[in-house]
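The lines below spell out each chain.
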Amino acid sequence: MSFTPFNLGSHTVTPGGAPLFLPDIGTFFNQDEGLALEMVDRLAEAGVKVIKGEVLHDPDICLDDGTAIRYPDRQGVMREEPYRRLIERKVVPLPTYERIFGRARDRGMGIVLSIYDLTGLRFALDLDVDGLKVATSNIVHQPLITAMAATGRPLLIDTGDSSLEEIDRAVSWARAGGADRLLVEHSPYPPPAGPERHDLRFMVSLGRSLGLPFGLSDHHHGEEMLYAATALGASLLEKGVCPDGLDGEQDVAHALPIGQVARVQKACATIHTALGREFRPLDRNRPRKLSRMGLVAARDLAPGEPLSLETVRFAFPARGIRVEQWEEAAGRCLVRGVVAGQPVGWHDLSA
């Protein structure tokens, strides 16, 4: 895969680089501005570089037709409420969003926002966000994708339960609209997704087939998939983050309690560091390992005796001829005697 590195906030998305842990506070704060500001502060204290949210400011984005939405709580119990009512209690006025994400700016964090309409897009541009996200529900929304692409901002495309045709088409729309800094996110479906539904290998093949950096929008109830995605080379790790102890709320079943963010982010960084280099260069100057063996006299040896498996044994550390040099040494005769248990060196052998 080949792509040009780009920045999201202070983080550079680059081939083989450390993945960006991207906590999504979404609307877990449920219109409580004070709670949202507290979450921003706690993420900053946890060392988060970039924060993600959404611009959901207009309840009319959802029809008031009685459609119900179902979602599980942390115990797996399904809850149901009218879709419109859910949206109404999640909607946040733009001035409130401005204060929330202004706090993120004040704390030195970059900002990525999911956009659902053109008014939200204009707001995001006025806020000078670092990146925009096409939510999985909008992967078929050509007018919005085209407008987002035309901004020139880095664009994250969430694939959700989309078909390959829909994913490829959305990327084509983005590229045609002028987007040249793209990242595709694998988003297992349905949330929360069990391990058998994650198909993380698809995340890798999706990025390679599109020639784009790839990431994971994690919908697992735990944190294991973040670690697996890191090991597979993901450039971005998005995870919903909710207040500690929150339950009975949409998406909380697969959200990470905010108190665990610092630990999980550090673990992902450690895993990436452990991946190291694809090839280990030969270091001829490295110190000889104590656990490697060398040749030792099996008994008192007299001058003229040849080296054989009957006259020598092997022991560590390798003080004389190393065991891997046995074929070169075997059969050669001693020019001086060697006491039993002492190393046999090249200086003890005939030329």
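The paragraphs below set out a description of the structure included in this document. (Residues numbered from 1 in each chain as written. Predicted model: local features only at pLDDT ≥ 70, side-chain atom pairs only at ≥ 80, totals over all residues. Heavy atoms only, no water.)

## Section: the overall build of the chain
Counting secondary structure elements, the chain contains 10 helices and 15 strands. At 30 Å, the chain has a C-alpha radius of gyration far larger than the 20 Å of a compact globule built from 351 residues. Projected onto the principal axes, the alpha-carbon positions of the chain cover approximately 100 × 45 × 40 Å. When the 351 residues of the chain are sorted by exposure, 49% land in the buried category. For the chain, long-range pairs separated by at least 24 residues make up 65% of all intrachain contacts whose partners lie at least 6 apart in sequence. Taking the 39 positively charged and 47 negatively charged side chains of the chain as two groups, their mean positions are separated by 10 Å. (Helix = DSSP H or I, 4+ residues; strand = E, 2+ residues; numbered from the N terminus. Rg over C-alpha atoms; globule rule 2.2 N^0.38 Å. Buried < 20%, exposed > 50% of the residue type's maximum accessible area, 1.4 Å probe, protein only. Contact = heavy atoms within 4.5 Å. Lys, Arg positive; Asp, Glu negative; His and termini not counted. Charge placed at Lys NZ, Arg CZ, Asp CG, Glu CD.)

## Thoughts on the nonpolar core
Core analysis: the biggest nonpolar cluster contains 68 residues, and I25, L43, L113, I115, L155 and V261 have the highest contact counts within it. When residues in this core are grouped by element, the largest group, six residues, is from helix α1 (residues 33-45). Setting aside residues up to four positions removed in sequence, V261 forms contacts with F21, L43, A46, V48, V241 and L256. In this structure, L295, L307, V312 and W326 belong to the second largest nonpolar core, which totals 12 residues. (Core = buried A, V, L, I, M, F, W, Y, C linked by side-chain atoms within 4.5 Å.)

## Focus on the pattern of salt bridges
Evaluated as defined, the whole model comprises 20 salt bridges. One salt bridge connects E33 with R99, and the closest N-O pair in it is separated by 2.7 Å. Residue E33 is found in helix α1, and its partner R99 is found in helix α3 (residues 94-106); the two are separated by 66 residues along the sequence. Classification of R99 by relative accessible area gives partly exposed; the value is 45%. E88 is paired through a salt bridge with R84; the nearest N and O atoms lie 2.9 Å apart. Taken as a pair, E88 and R84 lie in helix α2 (residues 83-90) at a separation of four residues, close to a single helical turn. For R84, a relative accessible area of 15% translates into the label buried. Ionic contacts of the salt-bridge type, sharing partners, join the residues D24, K52, K133, D158, E185 and E238 into one network. (Salt bridge = Lys/Arg side-chain N within 4 Å of Asp/Glu carboxyl O.)

## Some thoughts on the packing of aromatic side chains
Taken as a whole and assessed by the stated rule, the structure comprises three aromatic pairs. Measuring from centroid to centroid gives 6.4 Å for Y97 and F123, while their planes differ by 50 degrees, and the two rings are tilted. One end of the pair, Y97, is in helix α3; the other, F123, is in helix α4 (residues 118-126), with 26 residues separating them in the sequence. Accessibility assignment for this pair places Y97 and F123 in one class, buried. Seen in terms of ring centroids, F314 and W326 are 5.9 Å apart; in terms of plane orientation they differ by 90 degrees. Their pairing is edge-to-face. Of this pair, F314 sits in strand β15 (residues 312-315) while W326 sits in helix α10 (residues 326-329), and the two are 12 residues apart along the sequence. Its relative accessible area of 29% is what places F314 among the partly exposed residues. The buried category is assigned to W326, whose relative accessible area is 18%. Members of the aromatic cluster, each reached through a chain of ring pairs, are Y97, F101 and F123. (Phe/Tyr/Trp six-rings, centres within 6.5 Å; stacked < 30°, edge-to-face > 60°.)

## Regarding helix α9 (residues 261-275)
Here α9 is 15 residues long and its end C-alpha atoms lie 22 Å apart, about the 21 Å a rise of 1.5 Å per residue gives. Three or more residues of α9 are buried, namely V261, V264, Q265, C268 and H272. Down the axis of α9, the buried set is contained in an arc of 100 degrees. They therefore lie on one face. Opposite the packed face of α9, turned more than 90 degrees from it, sit the exposed residues K266, T273 and A274. Where α9 is buried, its residues contact β3 (20-24), α1, α8 (224-231), β12 (236-242) and β13 (256-257). Phi turns positive, to about 60 degrees, at G276, one or two residues after α9. (Expected span 1.5 Å × (residues − 1). Arc of directions from axis to C-beta.)

## Some details on a positive patch on the surface
A contiguous patch of positive charge, built from R277, R280, K289 and R292, is present on the exposed surface. Inspection of the secondary structure puts K289 in the loop between α9 and β14 (294-297). Accessibility expressed as a relative area gives 43% for K289, which makes it partly exposed. (Patch = residues over 30% accessible without salt bridge, like charges linked within 9 Å, V, L, I, M, F, W, Y side chains within 5 Å. Areas by Shrake-Rupley, 256 points an atom, 1.4 Å probe, with all protein chains shown as cover.)

## Let's talk about the packing of helix α6 (residues 164-176) against helix α7 (residues 200-210)
Packed helices, taken two at a time, are described by the angle their axes make and the gap between the axes. One can describe the packing of α6 onto α7 by two numbers: an axis separation of 12 Å at closest approach and a directional angle of 40 degrees. On the basis of the axis angle, α6 is oblique to α7. For α6 against α7, the interelement crossing comes out right-handed. Of the residues in α7, those touching α6 at L164, I167, D168, V171 and R175 are F202, L206 and L210. Each residue belonging to the contact of α6 with α7 can be placed in one class, and the counts come to six nonpolar, no polar and two charged. (Axes fitted to C-alpha atoms, helices over the stretch in contact; angles between N-to-C directions. Parallel < 35°, antiparallel > 145°, perpendicular 65-115°, else oblique. Left-handed = near helix turned anticlockwise from the far one by under 90°. Nonpolar A, V, L, I, M, F, W, Y, C, P; charged D, E, K, R; others polar.)

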